[in-house]
Each structure stands twice: as structure tokens, then as C-alpha cells.
Amino acid sequence: MAAHTSLVPAPPMVVKNQHVLDWVEEMAKLTKPDNIVWCDGSDEENERFQALAVKQGILEPLNDEKLPGCFLHRSNPNDVARVENLTFICTPTKEEAGPTNNWMAPKDAYAKLTALFDGSMKGRTMYVVPYVMGPLGSPMSKVGIEVTDSVYVALNMRIMTRMGRGALKMLGESNDFNRGLHSTLDCNPERRFICHFPQDNTIWSIGSGYGGNVLLGKKCLALRIGSYLGKKEGWLAEHMLILGVESPEGEVTYVAAAFPSACGKTNFAMMIPPKRFKGWKIWTVGDDIAWMRVNQEDGRLYAINPEFGYFGVAPGTSNHSNPNAIKTVSKNTIFTNVAKTPDGDVWWEGKDGPVPPELIDWQGRPWDKKSAEKAAHPNSRFTAPATNNPALSKFYDDPQGVPISAIIFGGRRATTVPLVMQAFNWMNGVFFGATMGSETTAAATGKVGIVRRDPMAMLPFCGYNMGEYFAHWMSMQGRMTQPPKVFMVNWFRKDKNGKFLWPGFGENMRVLKWVVDRARLRVGGQETLFGWVPRAGDLDLSELDISPEQVDEAASIKLEEWEQELASFKEFFDSIGPTLPKALSLHRELLLARIEAAKVDLSTKEYATAE
Ligand code: GTP
Ligand code: SPV
Ligand code: MN
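What you see is a predicted model; the values in this text were computed from it and never measured.

1. Quick notes on the overall build of the chain
From N to C terminus, the chain includes 16 helices and 31 strands. Relative to a compact globule of 611 residues, whose C-alpha radius of gyration would be 25 Å, the chain shows 24 Å and is just as compact. Each of the three principal axes of the chain carries a C-alpha extent, and together these read 80 × 55 × 45 Å. For the chain, the residues scored as buried account for 60% of the 611 residues in total. Relative to all contacts within the chain whose residues are 6 or more apart in sequence, the contacts with residues 24 or more apart total 74%. Accessible surface, the chain as shown: approximately 23500 Å² in total, 53% of it carbon and sulfur. Charged side chains of the chain number 67 positive and 70 negative; the gap between the two group centres comes to 0 Å.

Below, the structure is given as C-alpha cells:
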């Protein structure tokens, strides 16, 4: 890459924090950039970076009438998703990272990556990106500084975080900031590592230019380092959307939901209720990450969204599935790995309208309707400011966060897991979360569609030992006098022909309404062996275009499937080893014993179904 010093005027920003200055100098000594640019977050700077990125071929401008302020980026085709196999938790001992994480000893990781970072920014500019995760000035927020040789990263961080002067102002003279070092290097998977050093509040990422690997505030700080800090400081950092459900009477109930990557968080957080739910409104607080703390005054759990924008899945986004997302990406958005129309519009599989006859695909190649390959990459994404979202909650920037009444766990499961079920209590809810399974998606490299255990949707994001993480979740009960009610959902159950049984998207409002009513203790439920489910008639199904039998099938609990499911929990629990809380393994055994007993006593499977 050519040096581009002339395009980057010396910034007027005066930085006084000596800890920051010393660390940036140290990183520059290691990586040897041609020059250093401190990012102030201004509009002027944003435009300058965009122009620079266009000049370097990193961004392509899009049709300015249809998509004002929008750009297209094509990543290296070998670099299109998070890389879980190259992501490491570097704690002093392997036990601290636990059996679900890749581990490297800190000194080995630093040594290995120091050799790679040495001179990695020669001929390049180092961007120093100060940012805050969470509302500026909130006691729940955290400051980070990411140094990167990617202008694409700097541009994305400006959308995804509170970036620039405000962050340095919030940091003041403090030394308490996350130290993030990133270099794209030569984008070779052989030299790609995403290393986290929780004890040092440090992240080193090299060899990738993509999303969760390099926007270090997101999965690396807000979840991996965040979960470690949460354990230490008594709060929760979770892979959860946050939404407010407003009733026609104006009552708002806040709900947090953990679904694994590409399993529906953004869609759920921006949902528009169907016509039947006139007067109901969903407000988005966040679409991917929640930081939650107990308020000492009312004993409730409060959540903030540490992010400032959405890094959302493009394919499947349409005016039918998610009209709010379509509006959100209509301006000032960076699209990554989508297809482009001849007139400079964007396209992806599942977008509205007929398939355009000709496109430029995500790799920049001509594409036509007869092409066997997808035009947009299945993990193509948009980076859009939260303030573009017509459904943005007025509390999205509230330093205290919003009180959470219900937590929902949900995976992508073709079988077994019912449409909705409520846990009997917090402990039972932790069991729901800890045993979650989901089919893998394109959000991470590797095979798609394999069911794996993805506890709390945090398997790729928990920065410490998973058994201790479960124990931390259980210990939260002792801090709360009004814990949220806990639920599990599954929008992805299929019939014998492989078709989704439940229509999903806006229709999920019907399930959410039941969740809210249960959380507010104003509707009954049917007891099953595993939790509460809606009684016949409890789910509002009017004006829904599918048969009651289909809904029953989506909502059914089949004991033979659950016996298998519980067996697979054992395998997972065994893999966690000695840190697994005993309450969880005993709960599993109790359920199995109860299935046996129910079979003998009632000799009917109907006992456990929704009817
Ligand atoms: P990450 O950004 O990777 O964390 O993903 P996410 O959890 O925000 O998922 P998102 O809302 O972007 O949805 C991912 C995919 O699931 C998209 O292709 C959606 O169209 C699809 N999807 C979302 N909600 C539903 C639903 O209710 N039913 C069905 N069948 N598909 C859905
Ligand atoms: C996810 O994979 O859960 C995402 C996208 O939200 S990434 O930022 O790449 O992690
Ligand atoms: Mn995510």
C-alpha cells in the first residue's frame, strides 16, 4: 500500500493523557508506520477518510441519490467472517480461559504477535481511534483506544462507537482504557490471530480486516474482555439485543434476548408488529450487545447497549422482513461484501423486488441470474448509525440503561425446541441459557448448519472459563430482588419438508406479547416438565395465516426428542469439567428422572405438550 501522507493533514487534536501518549508511541515503535493520525470523530475527518478510502480503492461510492453518504467495501475473499479457530484468550493459566476457548500463554502470544507486528505498518498510516463503549459519561461505560492501519476500521468504529474527542475527554488523565492494536498485515490466514489479554485489558488483532475480528470495541472488548470484567466487578456482558415493547396504553416493558450470530437479534430488536397488534410499538435499545448491572435501589437488572451503530446481516433484509433496517441503511452506511447494481445501488439475496438481471457480485465480478453462486456473501453486512433507526428508543443513550423485565434465550433449531417456554425460576432460566443449542451460521468461518451447544449465545465470546461464567450467572440471583423472568424461544423449527413452521419476523410479536404478559404476572400458563408454555388460546393467533395444527407443531414438546436433548447436554457438561456448577448437572438429572416418572405415572405424552 502506498503512503498517503499528503492527504492527511496534521490533526489539531491535543492529547494530554501521558499513559495514552506513551502507549501509542510504544505501538508505533513496534509497527513503524509512516505517520500517525489521531482521530477526533468530526464530520470533516469522516469525509476526509472517506475520500482517502475511495482514492485507495478501499471504498466505492454508491448512487448518491438512492443511497446518500453510502459506500461499498469488498473484503479479501479469504476474510469474510469471524475466525473462531484463530481467536485466543491469553490468561496466565489455561484453566482461566476454560475448555471452550483457544488458549495461549500471554508471554507466548505477545512474543508470537510482536514478531508479526514488527514493521507491519511500514508505508502505512497508523490511525489512533479513541472510543467509548456505552453512553458518554455513564458509570457503566468503558473507554478503549484502537490503533489500526485500516482506514476502513477507523470509519466503521466511528459508526459503531462514540469515537473521537469525547472519548479522550471521558478518559481524562486515567490509565484505565482498553489497549487495542490492529494491523491488517498481508491479510493472510496463516498470519491471522485475534488475541485477548483480559488481565492487561489488551487486545491484539492481526491479519484480518473483517468485522468482529477488527472492530475491537465490539466482540473483543464489549464481550470477551467485558465478560471477564463483568465477572470481576459483578455485572453481565451479554450477546443480547435490548428492546422496549410499548402497549397501546403506553406501558413500556424492556426485554433482552440472546440469539447466536445470524439468528435474528437485529430483526427482533427492530420488529414492526403485525396489523392485529394495532397500537403496539417496538423500540430498539440495542441489536447485539447488552451490559447489565443490578441497581441497588430497586434490585432490578438495568441494561445499556454499549454500541452506537449496527453491524447487521444484509441477506434476508427487506421491507417485508425488517422495514426499519431498510430505512436504517438508506444513508451514511458502509456495506461490506454485498452485490452492486449497474446504477450503483446495493443488492443481496432476499432483498425486495425482482432479482436484477445483472449485478457485480461481492467479489467484484459480473453476475447474472443464471449464476450458481450467491451475488452477496451470506455474511455480507451493513454498518449503519443507530440514529438512522426510526424505532430507536429514546433511552438508547441513557447512562442508567433500561430495567429488564424478561430475558429470552433462542437458537436456530429445526427440531425439539418449542416456539416458547418460560423457566420456573432464575436457576431454571440459567439452565435454559447454559444448554442452548443452535445450528452454525455464516457469521463465523466453518461448516454451516451443524447443531452445537452455544450457551447464552456466548460460546465464541465468553472471555473466561465457561463453568465459572455459569456460576456467575447463578450468583446474580443473590444480587437481585426482582430478577427478570427467563424464556426460551425458537423461530426456526421446521416441518417434515424442511419448511419453517412459524412465520417469524413481525409475527414474533405474538410470542413477545405472551412473554410481556407473563413477566408482568397477568396471564396464566401450562406447566410442563421443562417450564411454562402458553395454554390453548393464550397466544393471540388471530389474523395469522397458518393453521392451528402448524402452530401446535411449532410449540410442541416431544419427550423422545427431549430425552436425546438431555443426553447431549451431558456431553457438553462433561466437556466443561470441574468448574461446571453442580446445580446444573443435578438439574439435568432431575429432568431425566422426571421424564421417567411422568412416563410411568401418566403413560401419555400429552402431559408435556401445550394443549
Ligand atoms: P449477528 O449480527 O450475526 O449477531 O446476527 P443477528 O442475531 O442480529 O441476526 P439477524 O437479525 O441479522 O438475522 C439473521 C438471519 O436470520 C437473517 O437472514 C434473517 O432473515 C433471519 N431471521 C431473523 N429473524 C427470523 C425469524 O423470525 N424467522 C426466520 N425464519 N428467519 C429469521
Ligand atoms: C456476530 O457474529 O455475532 C456479529 C458479527 O455480530 S461480528 O461483528 O463479525 O462478530
Ligand atoms: Mn452478533
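There's plenty left to go through after this.
2. What to know about the packing of helix α2 (residues 43-55) against helix α5 (residues 151-160)
Relative orientation of the contacting elements α2 and α5 amounts to 145°, with a least axis distance of 10 Å. Note that α2 runs across α5; the crossing there is left-handed. Of α5, the residues touching α2 (which contributes Asp43, Asn46, Phe49, Gln50, Leu52 and Ala53) are Val151, Ala154, Leu155 and Arg158. Classifying every residue of the contact of α2 with α5 gives six nonpolar, two polar and two charged.

3. A short note on the site of ligand 1
Taken together, the neighbourhood of ligand 1 is formed by 21 residues, with Ala262, Gly264, Lys265, Asn267 and Arg381 sitting nearest. Here an oxygen atom of ligand 1 and a side-chain polar atom of Lys265 are 2.8 Å apart. One of the backbone N or O atoms of Thr266 is found 2.8 Å from an oxygen atom in ligand 1. Contact with the protein chains removes 91% of the 660 Å² of surface that ligand 1 exposes when unbound. For the shell around ligand 1, the secondary structure elements donating two or more residues are α9 (265-269) and β18 (309-313). With three residues, α9 is the single largest residue contributor to the shell around ligand 1.

4. What about the site of ligand 2?
Every residue lining ligand 2 is accounted for by Arg82, Gly211, Gly212, Lys218, Lys219, His239, Ser261, Asp288, Phe311, Arg381, Ala443 and Phe461. In the environment of ligand 2, an oxygen atom lies 2.9 Å from a nitrogen or oxygen atom belonging to the backbone of Gly212. Between Lys219 and ligand 2, the recorded distance is 2.5 Å, taken from a side-chain N or O atom to an oxygen atom. Within the complex, 98% of the 280 Å² of free accessible area of ligand 2 lies under protein.

Calculation notes
Residues numbered from 1 in each chain as written. Chains lettered and ligands numbered in written order. Predicted model: local features only at pLDDT ≥ 70, side-chain atom pairs only at ≥ 80, totals over all residues. Heavy atoms only, no water. Helix = DSSP H or I, 4+ residues; strand = E, 2+ residues; numbered from the N terminus. Rg over C-alpha atoms; globule rule 2.2 N^0.38 Å. Buried < 20%, exposed > 50% of the residue type's maximum accessible area, 1.4 Å probe, protein only. Contact = heavy atoms within 4.5 Å. Areas by Shrake-Rupley, 256 points an atom, 1.4 Å probe, with all protein chains shown as cover. Lys, Arg positive; Asp, Glu negative; His and termini not counted. Charge placed at Lys NZ, Arg CZ, Asp CG, Glu CD. Axes fitted to C-alpha atoms, helices over the stretch in contact; angles between N-to-C directions. Left-handed = near helix turned anticlockwise from the far one by under 90°. Nonpolar A, V, L, I, M, F, W, Y, C, P; charged D, E, K, R; others polar. Near = heavy atom within 4 Å. Polar contact = N/O pair within 3.5 Å; in protein donor to acceptor, adjacent residues only side chain to side chain.

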